[in-house]
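The primary structure of each chain is shown beneath.
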Amino acid sequence: MDFIYQGRCPVYASFFGAMGCSMAIILSSMGAAYGIAKSGIGISAVSVMRPDMMVRNLMPPILAGILSIYGLVVSVIISASLKEKSALHTNFMQLGAGLTVGLSCLSAGFTIGIVGDAGVRASGQQPRAFVGMMMMLIFAEVLGIYGLIVSLLLLTGSEKSGEITVCMY
């Protein structure tokens, strides 16, 4: 309670928190959608020649779909802490958390889509390529997990800032 108001709680501060909330789910869903669509094209192409491998090749869309869950988790956490009167610092931390998970899931979705498409096509011709594809998909999924971890750390730091700056108006 050392710093009460002092211009740290403008009226527009909550806008940045709301943008962080929306960017988390929008960007991560875009990454998931691209990953599902791109790898789904490869699955459809391979399933014509090798219908027995269709269920096995569903891993890329499943991993891409998980990316949107990361954005959903961060969005729910941010939305639960949104207030009309809050510190600018808190809302910038929420914006940063939303962008962090959103952009990392977007890049992971692009990677999963491209690797999944090529990997499914390769494993359709050579079944031993499946293990290599799975390793690359795991490394791509970890990009989204890194963004989730950093976002949760940012949100933990933003909750502590509410103890320092108290908005009273």
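Nothing here was measured: the structure is a model prediction, and the numbers come from that model.

## Points about the confidence of the model for the protein
Overall, the prediction assigns the protein a mean pLDDT of 90, with 92% of residues at 70 or greater. Low pLDDT, under 50, characterises residues 1-5; the predicted model gives this stretch 12 contacts beyond four residues in sequence or across chains.

## Looking at the packing of aromatic side chains
Overall, the coordinates contain four aromatic pairs when judged by the stated rule. Between Tyr-12 and Phe-16 the ring centres are 6.3 Å apart and the planes differ by 80 degrees, which places this aromatic pair in the edge-to-face class. Members of the aromatic cluster, each reached through a chain of ring pairs, are Tyr-12, Phe-15, Phe-16 and Phe-92. Just above the ring of Phe-130 sits the side chain of Arg-56; from NZ or CZ to the centre is 4.2 Å.

## So, the nonpolar core
Grouped together as the largest cluster of nonpolar side chains are 25 residues, with contacts concentrated most on Leu-67, Tyr-70, Val-74, Val-101, Ile-112, Met-133 and Leu-137. Taken together, the elements giving at least two residues each to this core come down to α1 (13-49), α2 (59-81), α3 (88-125) and α4 (129-164). With residues near it in sequence (within four places) discarded, Met-133 still touches Pro-60, Val-115, Gly-116, Gly-119 and Val-120.

## Side note on the pattern of salt bridges
Under the counting rule described, the total for this entry stands at three salt bridges. For the salt bridge of Arg-50 with Asp-52, the shortest nitrogen-to-oxygen distance reads 3.4 Å. On the basis of relative accessible area, Arg-50 is assigned to the partly exposed category, the value being 27%. Asp-52 sits in the exposed class, given a relative accessible area of 59%. A salt bridge links Asp-117 to Arg-121; its shortest N-O distance comes to 2.8 Å.

## Details of the UniProt feature "domain: V-ATPase proteolipid subunit C-like" (unreviewed entry) in the protein
Taken from the UniProt record, the annotation "domain: V-ATPase proteolipid subunit C-like" (unreviewed entry) applies to residues 19-78 and 95-154. Between the end C-alpha atoms of residues 19-78 there is a gap of 10 Å, over a span that is 85% helix and 0% strand. Secondary structure content for residues 95-154 is 95% helix and 0% strand, while the C-alpha to C-alpha distance between its ends is 9 Å.

## A word on a nonpolar patch on the surface
Taken together, the side chains of Leu-143, Ile-145, Tyr-146, Ile-149 and Leu-153 make up a nonpolar region of the molecular surface, amounting to roughly 470 Å² of accessible area. Inspection of the secondary structure puts Leu-153 in helix α4.

## What about the packing of α1 against α2?
Contact geometry for α1 and α2: axes closest at 8 Å, N-to-C directions at 175 degrees. By the angle between their directions, the pair α1 and α2 is classed as roughly antiparallel. Here α1 contributes Gly-17, Gly-20, Cys-21, Ala-24, Ile-25, Ser-28, Ser-29, Ala-32, Gly-35, Ile-36, Ser-39 and Ile-43 to the contact with α2, which in turn contributes Pro-60, Pro-61, Ala-64, Gly-65, Leu-67, Ser-68, Gly-71, Leu-72, Val-74, Ser-75, Ile-78 and Ser-79. For the contact of α1 with α2, a count of residues per class yields 13 nonpolar, 11 polar and no charged.

## A short note on the environment of Leu-143
Relative to the helices and strands, Leu-143 resides in helix α4. By relative accessible area, which is 34% here, Leu-143 ends up partly exposed. With 76 residues separating them along the chain, Leu-143 and Leu-67 place their C-alpha atoms 9.7 Å apart. Beyond its immediate stretch of four places on either side in the chain, Leu-143 contacts Ser-104, Ala-108 and Thr-111.

## Details of α2
Taking 1.5 Å of rise per residue, the 23 residues of α2 would be expected to cover 33 Å, and the 35 Å separating its terminal C-alpha atoms lies within 8% of that figure. Listed in full, the buried residues belonging to α2 are Pro-60, Pro-61, Leu-63, Ala-64, Leu-67, Tyr-70, Gly-71, Val-74, Ser-75 and Ile-78.

## Describing the UniProt feature "transmembrane region" (unreviewed entry) in the protein
Per the UniProt entry, the sites bearing "transmembrane region" (unreviewed entry) are residues 12-37, 58-80, 92-118 and 130-155 in this numbering. Structurally, residues 12-37 comprises 96% helix and 0% strand, and the distance from its first C-alpha atom to its last is 38 Å.

What counts and what doesn't
- Residues numbered from 1 in each chain as written.
- Predicted model: local features only at pLDDT ≥ 70, side-chain atom pairs only at ≥ 80, totals over all residues.
- Heavy atoms only, no water.
- pLDDT = per-residue confidence, 0-100.
- Contact = heavy atoms within 4.5 Å.
- Phe/Tyr/Trp six-rings, centres within 6.5 Å; stacked < 30°, edge-to-face > 60°.
- Lys NZ or Arg CZ within 6 Å of the ring centre and 35° of its normal.
- Core = buried A, V, L, I, M, F, W, Y, C linked by side-chain atoms within 4.5 Å.
- Buried < 20%, exposed > 50% of the residue type's maximum accessible area, 1.4 Å probe, protein only.
- Helix = DSSP H or I, 4+ residues; strand = E, 2+ residues; numbered from the N terminus.
- Salt bridge = Lys/Arg side-chain N within 4 Å of Asp/Glu carboxyl O.
- UniProt positions renumbered as here; feature names shortened; annotations may be inferred.
- Patch = residues over 30% accessible without salt bridge, like charges linked within 9 Å, V, L, I, M, F, W, Y side chains within 5 Å.
- Areas by Shrake-Rupley, 256 points an atom, 1.4 Å probe, with all protein chains shown as cover.
- Axes fitted to C-alpha atoms, helices over the stretch in contact; angles between N-to-C directions.
- Parallel < 35°, antiparallel > 145°, perpendicular 65-115°, else oblique.
- Nonpolar A, V, L, I, M, F, W, Y, C, P; charged D, E, K, R; others polar.
- Expected span 1.5 Å × (residues − 1).

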